[in-house]
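Overview (structure and organization)
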Amino acid sequence: MRHLSTKATCNSHGQDSSYFLGWEEYEKNPYDEVQNPKGIIQMGLAENQLSFDLLELWLEKNPEPAGFKRDGKSIFRELALFQDYHGLPAFKKALVEFMAEIRGNRVSFDPNHMVLTAGATSANETLMFCLAEPGEAFLLPTPYYPGFDRDLKWRTGVEIVPIHCTSSNDFQITETALEAAYHEAQQRNLRVKGVLVTNPSNPLGTTLSRSELNLLISFITTKGIHLISDEIYSGTVFSSPGFVSVMEVLKDRNCDETEVWDRVHIVNSLSKDLGLPGFRVGAIYSNDDMVVAAATKMSSFGLMSSQTQYLLSALLSDKKFTKNYISENQKRLKKRQNMLVMGLKRAGISCLKSNAGLFCWVNMRHLLRSDTFEAEMELWKKIVYDVRLNISPGSSCHCTEPGWFRVCFANMTEETLDLAIQRLKDFVVEHTANGHSKSNNSSKNSKRKLLPKWVLRLSSRDRDHEPDER
Amino acid sequence: MAIEIEQPSVGLSKVAVSETHGEDSPYFAGWKAYDENPYDELTNPSGVIQMGLAENQVSFDLLEAFLETHSEASSWGKGASGFRENALFQDYHGLLSFRKAMASFMEQIRGGRAKFDPERVVLTAGATAANELLTFILADPGDALLVPTPYYPGFDRDLRWRTGVKIVPIHCDSSNNFQITPQALEAAYSEAEAMNIKVRGVLITNPSNPLGATIQRSVLEEIFDFVTRKNIHLVSDEIYSGSVFSSSEFISIAEILEARQNKNSERVHIVYSLSKDLGLPGFRVGTIYSYNDEVVTTARRMSSFTLISSQTQHLLASMLSNKEFTENYIKTNRERLRKRYNMIIEGLRSAGIECLKGNAGLFCWMNLSPLLEKPTREGELALWNSMLHEVKLNISPGSSCHCSEPGWFRVCFANMSEQTLEVALKRIHNFMEKRERDRNLKVI
């Protein structure tokens, strides 16, 4: 049998990485409050499940769009036949307005510069096809979303060269790191076509600062390359310093109509902000007409269902709904994040200070046997199999420092999050007591050994929560 | 004033600026003329009638009736879990209930003569995506797929543009009703070899677009034997399988395989879609059905780039798992298409125009070669221009389908009302009469 293409048989889909292995273990033994209370709690899935009630309420009050009706009349036929890759005008209009609203209306977007795709996964790949040849490279700051290894590289043949960021400055992008990455690419004989950043960042949960954005714009201007800003988490920013889109900074620098203006492209989606990953809503926004033209044609390979475009055009056109949703969703995310951060703190675990996202970037370096990725894997396996929490190890995100983990908080109930925190607390106590971590020989620790677990639990209970019966 | 672009724009890939997307062909130019002056019974009765769009608009009432009586298909029921579960569902395996419904629907279309396993159904956002995806999986850049001519113009983009794969044509002609012959297959293979191009597979469309005819059993057997001998793949695009006017006339490659106990079947992959049979191109519903485990696994992973909206999967799972609905739909749709086909054939015949004998699809393959000034591609395009600007009908010239014989045109009949089809036929009648008169005048 003639075998398959190189693309089919190579490993660039990345499906054998630990990111996916954790999911597999979860699938075998998933936590359920009633049916499987000892199962693995999924904390590796960046889903937003906090605000579905707001959507469900809207659907109840507005049954027409889902029923293919407009003003009492059926438009089923019209929608069923609508496969124009320019997208449903009403939906694009509503989407650009929603994007602007999330950015505090400090910038506006033109629907004619937006291309709809079946999810951000498709948008990112399409941009690679448009901007780079096989063998060329994009620079990405680490740590980054593990899916990029597949989305940006697999079928496109494009390479990723990391921009190394470290905890020494809270993982911010520096000029030195940018230059070093560019240099590394040159050493590897790779032509750099652009930089891709995720803002807010996955897995960090932080927004890029104005100075980082300015740095990036200066860098791409000097090098004459592109900048892709994946802003799919823009609606999840819940506290200061607030979200600054790259478009705002370009505007402030009076870059409209200059060359660099045409080389900045934004990727958007409703999977995170609205919690609708199943509906496959992605978009590319570019100021370059040729990119828009090419991406529009390419979107033929991944169009959004017209049924879904219509439903969401109605939802997002309801400004009363969007205003309330955006602010309420942010409030709930803030509360949840705080719950996780405080809970971890009581277990002696710190997180990177974050203001966005559906996850925290958790520092467990002090729990490593040694400052190595082997030790990180060892710890991760314990957490998956013994503590029964599926979290994402930093190595799967290409982090250069071992010991960091991404922990999601918005894809479960409060009760489940409580339980997860408790399990982690117990683990840390045991782990430390049993001499597994580096900092083990203090007298404080040996004293802890003498106290029964339940005492230790009581001494660190959060004032706001009921006693833990589990 | 158009701006000449002399070299690739700074910073875009070759793929982005290439013309392999094919959108500058007459196939698309006709659409443009239509968009600028579209026919409307009331508001623009002398506008261009669109006969270049292979859409199925004859059976919407059946779909609408189903939706009226099955509101659960387009809503999520009472209680919290329905909507959120559906909204969160992004598993690239696809909704099991939908895959089951799809497999069962495909079986029904084939009169139960072939079985489909839901575990082998991979979902994609349309057949456009399915064909591209399969090409990525089965061939490397620079390799080739053999495709019989005439073929769907979109293949030039779908199979070649981003994949870098080539199409080498298997030439078919009217001497035997455009059927694929073993000689033509061998000739195409040799042509590729001579150019040092590695052939990875054969891609057929059955029923054929643009011919509007099913491939005969004996020809399918020959094709399958050919790919087995050459040890290459066979992709069978069966998106028009539900539009065969008479159920017994469609033989799917799946039936050929089952008759041979699935021996050598791991080289076969079927593409299907609901765009033509159900008239739902906007919903983006395509599938790959592969007999090869590795292809299924890889295709599934790749489908991440082109998933079907879970909202749509939910709707169609409900519709297609209703056997009463699907049986009635398939039967009624078939009958209506046959009626339309007969109408257009009769209408054309009375105007002195013959078509290829067809038995499927949403179009007929019309022979206007007797009308050509010159039996060349230019002659054909001149005639096409007349049809577009004088007769005001947008039809597809055979050259855009890579037909090796000039003078053939694809004419769609299912994307309009019966009244509009009558108007179109009248215009053709008048056009032919006028031509006859002009010819007679010249003779005198």
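Residues numbered from 1 in each chain as written. Chains lettered and ligands numbered in written order. Predicted model: local features only at pLDDT ≥ 70, side-chain atom pairs only at ≥ 80, totals over all residues. Heavy atoms only, no water.

Looking only at helices and strands, one finds 15 helices and 13 strands in chain B. In terms of overall dimensions, chain B is globule-like: its C-alpha atoms have a radius of gyration of 22 Å, near the 22 Å expected for 444 residues. Taking the principal axes of its C-alpha atoms as reference, chain B extends roughly 75 × 55 × 55 Å. In chain B, the proportion of contacts linking residues at least 24 apart, taken out of those at least 6 apart, comes to 76%. Accessible area for chain B stands at about 17,400 Å²; split by element, carbon and sulfur atoms hold 50% of it. Each charge class in chain B can be summarised by its mean position, and for the 46 positive and 55 negative side chains these summaries are 2 Å apart. (Helix = DSSP H or I, 4+ residues; strand = E, 2+ residues; numbered from the N terminus. Rg over C-alpha atoms; globule rule 2.2 N^0.38 Å. Contact = heavy atoms within 4.5 Å. Areas by Shrake-Rupley, 256 points an atom, 1.4 Å probe, with all protein chains shown as cover. Lys, Arg positive; Asp, Glu negative; His and termini not counted. Charge placed at Lys NZ, Arg CZ, Asp CG, Glu CD.)

This brings us to the side chain of E107 of chain B. Along the chain, the position of E107 of chain B falls in helix α5 (residues 96-109). The contact partners of E107 of chain B, leaving out residues within four places of it in the chain, are G112, A114, K115 and F116 of chain B.

Residue and element names in this part refer to chain B. Spanning 13 residues, helix α8 (residues 182-194) covers 18 Å between terminal C-alpha atoms, matching the ideal 18 Å at 1.5 Å per step. Along α8, the residues that are buried comprise A184, L185, A188, Y189 and A192. Looking down the long axis of α8, one finds its buried residues gathered within 135° of arc, a one-sided arrangement. Those residues of α8 that are exposed and angled more than 90 degrees off the buried face are Q183, E193 and A194. (Expected span 1.5 Å × (residues − 1). Buried < 20%, exposed > 50% of the residue type's maximum accessible area, 1.4 Å probe, protein only. Arc of directions from axis to C-beta.)

A few words on the packing of aromatic side chains. Under the definition given, this model contains 34 aromatic pairs over all chains. Between F68 of chain A and F283 of chain B, the aromatic rings sit 5.9 Å apart at their centres with planes inclined by 20°, giving stacked as the arrangement. Residue F68 of chain A is located in the loop between α3 (52-61) and β2 (69-70), and its partner F283 of chain B is located in the loop between β7 (268-273) and β8 (286-290); the two belong to separate chains. The pair formed by F68 of chain A and F283 of chain B is uniform in burial state, with each residue classed as buried. A network of ring pairs unites the aromatic residues F52 and F279 of chain A together with W76 and F83 of chain B as a single cluster. The ring of F305 of chain B has R150 of chain A lying over it, and the distance from NZ or CZ to the ring centre is 5.9 Å. Its end group placed over the ring of Y182 of chain A, K223 of chain A keeps NZ or CZ at 4.5 Å from the ring centre. (Phe/Tyr/Trp six-rings, centres within 6.5 Å; stacked < 30°, edge-to-face > 60°. Lys NZ or Arg CZ within 6 Å of the ring centre and 35° of its normal.)

Here helix α14 (residues 377-389) of chain B is 13 residues long and its end C-alpha atoms lie 18 Å apart, about the 18 Å a rise of 1.5 Å per residue gives. Residues of α14 of chain B that are buried include every one of G379, E380, L383, W384, S386, M387 and L388 of chain B, and no others.

This paragraph deals with the pairing of strand β8 (residues 226-230) of chain A. All names here are of chain A. Here β8 lies mainly inside the structure; five of its five residues are buried. What you see with β8 is no split at all: H226, I228 and D230 on one side and L227 and S229 on the other are buried throughout. In the sheet, strand β7 (residues 192-198) pairs with β8 via five bridges, with the strands oriented parallel. Among the inter-strand pairings, T198 is bridged to a residue of β8, identified as D230. The β-α-β motif built from β8, the intervening helix α10 (residues 246-252) and the parallel element strand β9 (residues 264-269) has right-handed crossover chirality. (Pairing = 2+ DSSP bridges. Right-handed = clockwise from strand over helix to strand, strands pointing away.)

For the rest of this paragraph, the subject is the interface of chain A and chain B. Chain A puts 68 residues into the contact, and the matching count from chain B is 74 residues. A combined buried area of about 6,600 Å² lies between chain A and chain B, and 59% of that area is made up of carbon and sulfur atoms. Inspection of the region where chain A meets chain B yields three salt bridges. In this assembly, chain A and chain B are joined by 20 residue pairs in polar contact (both at pLDDT 80 or more). A total of seven residues in the side of chain A that touches chain B trace back to one element, the largest contributor, which is helix α6 (residues 120-131) of chain A. (Buried area = accessible area lost by both parts, 1.4 Å probe. Salt bridge = Lys/Arg side-chain N within 4 Å of Asp/Glu carboxyl O. Polar contact = N/O pair within 3.5 Å; in protein donor to acceptor, adjacent residues only side chain to side chain.)

Attention now goes to the sheet that holds strand β15 (residues 404-408) of chain A. Residue and element names in this part refer to chain A. If you walk across this open sheet you meet the four strands as β11-β12-β15-β14, and the pairing is antiparallel. Taken across any chain shown, the strands that pair with only one partner, and hence form the sheet edges, are β11 (350-351) and β14 (392-393). Across the sheet, helix α14 (residues 373-385) touches β14 and β15, and the angle it forms with β15 is around 30°. (Axes fitted to C-alpha atoms, helices over the stretch in contact; angles between N-to-C directions.)

Residue and element names in this part refer to chain A. The strand order β4-β10-β9-β8-β7-β5-β6 describes an open sheet built from seven strands, whose pairing is mixed. Sheet topology places β4 (114-117) and β6 (159-163) at the edges, where each strand pairs with a single neighbour. Taken over all neighbouring pairs, the strand axes of this sheet differ in orientation by 25° on average, direction set aside. Where β4 and strand β10 (residues 282-286) come together, four bridges link them in antiparallel fashion. The partner of M114 across the bridge, within β10, is Y285. Lying over the sheet, helix α5 (residues 89-102) contacts β4, β9 and β10, oriented at roughly 105° with respect to β4.

With that out of the way, let us pick up the confidence of the model for chain B. Residues shown with low pLDDT carry predicted positions that ought not to be read at fine detail. Confidence along chain B averages 93 in pLDDT terms, with 95% of residues attaining 70 or more. Taken together, the chains of this predicted complex give a pTM of 0.92 and an interface ipTM of 0.94. (pLDDT = per-residue confidence, 0-100.)

It is worth spelling out the packing of helix α3 (residues 60-69) of chain B against helix α12 (residues 310-320) of chain B at this point. All names here are of chain B. Running from amino to carboxyl end, α3 crosses α12 at an angle of 100°, the nearest separation of the two axes being 11 Å. One finds that α3 runs roughly perpendicular with respect to α12. From α3, L63, F66 and L67 reach across to α12, where they touch L315, S318 and M319. (Parallel < 35°, antiparallel > 145°, perpendicular 65-115°, else oblique.)

We now examine the environment of Y310 of chain A. Turning to its location among the elements, Y310 of chain A is positioned in helix α12 (residues 306-317). The contact partners of Y310 of chain A, leaving out residues within four places of it in the chain, are P65, F68, K69, R70, I75, L79 and L88 of chain A.

Counting residues in hydrophobic clusters, the biggest one holds 158 residues, and the most contacted among them are V195 of chain A together with F98, V202 and L278 of chain B. Broken down by element, this core gets its largest block of residues, eight residues, from α5 of chain A. Once residues within four sequence positions are removed from consideration, F98 of chain B is found in contact with L123, V285, I308, Q313, L316, A317 and L320 of chain B. C360 of chain A together with A139, F245 and L348 of chain B belong to the second-largest nonpolar core, a separate cluster that totals 148 residues. (Core = buried A, V, L, I, M, F, W, Y, C linked by side-chain atoms within 4.5 Å.)

Let's shift gears to the pattern of salt bridges. Side-chain pairs of opposite charge can arise where the charged atoms are in close proximity. Here the structure, examined in full by the defined rule, presents 46 salt bridges over all chains. Taking the shortest distance from any N to any O, the salt bridge between E378 of chain A and K382 of chain A comes out at 3.8 Å. Here the residue E378 of chain A and the residue K382 of chain A both occupy positions in helix α14, the gap between them amounting to four residues, near one helical turn. Here D438 of chain B and K434 of chain B are joined by a salt bridge, their closest N and O atoms 3.5 Å apart. Note that D438 of chain B and K434 of chain B are positioned in helix α15 (residues 418-443) at a spacing of four residues, about one turn of the helix.

Two elements in contact, α12 of chain A and α12 of chain B, have axes separated by 8 Å at closest approach and are oriented at 120°. For the element pair α12 of chain A / α12 of chain B, the angle class is oblique. Between α12 of chain A and α12 of chain B lies a crossing whose hand is right-handed. Along its contact with α12 of chain A, which presents Q307, T308 and L311 of chain A, the element α12 of chain B presents Q311, T312 and L315 of chain B. For the contact of α12 of chain A with α12 of chain B, the per-class residue count stands at two nonpolar, four polar and no charged. (Left-handed = near helix turned anticlockwise from the far one by under 90°. Nonpolar A, V, L, I, M, F, W, Y, C, P; charged D, E, K, R; others polar.)

Another point: the pairing of β7 of chain B. Residues and elements named next belong to chain B. Of all the six residues making up β7, six are buried; the element is thus mostly covered by neighbouring parts of the structure. Here β7 shows two buried faces, one formed by V268, I270 and Y272 and the other by H269, V271 and S273. The pairing of strand β6 (residues 233-237) with β7 spans four bridges and is parallel. Bridge pairing links D237 to V271 in β7. Taken together, the five bridges between β7 and β8 define a ladder with antiparallel strand orientation. The residue of β8 that forms the bridge with V271 is I288.

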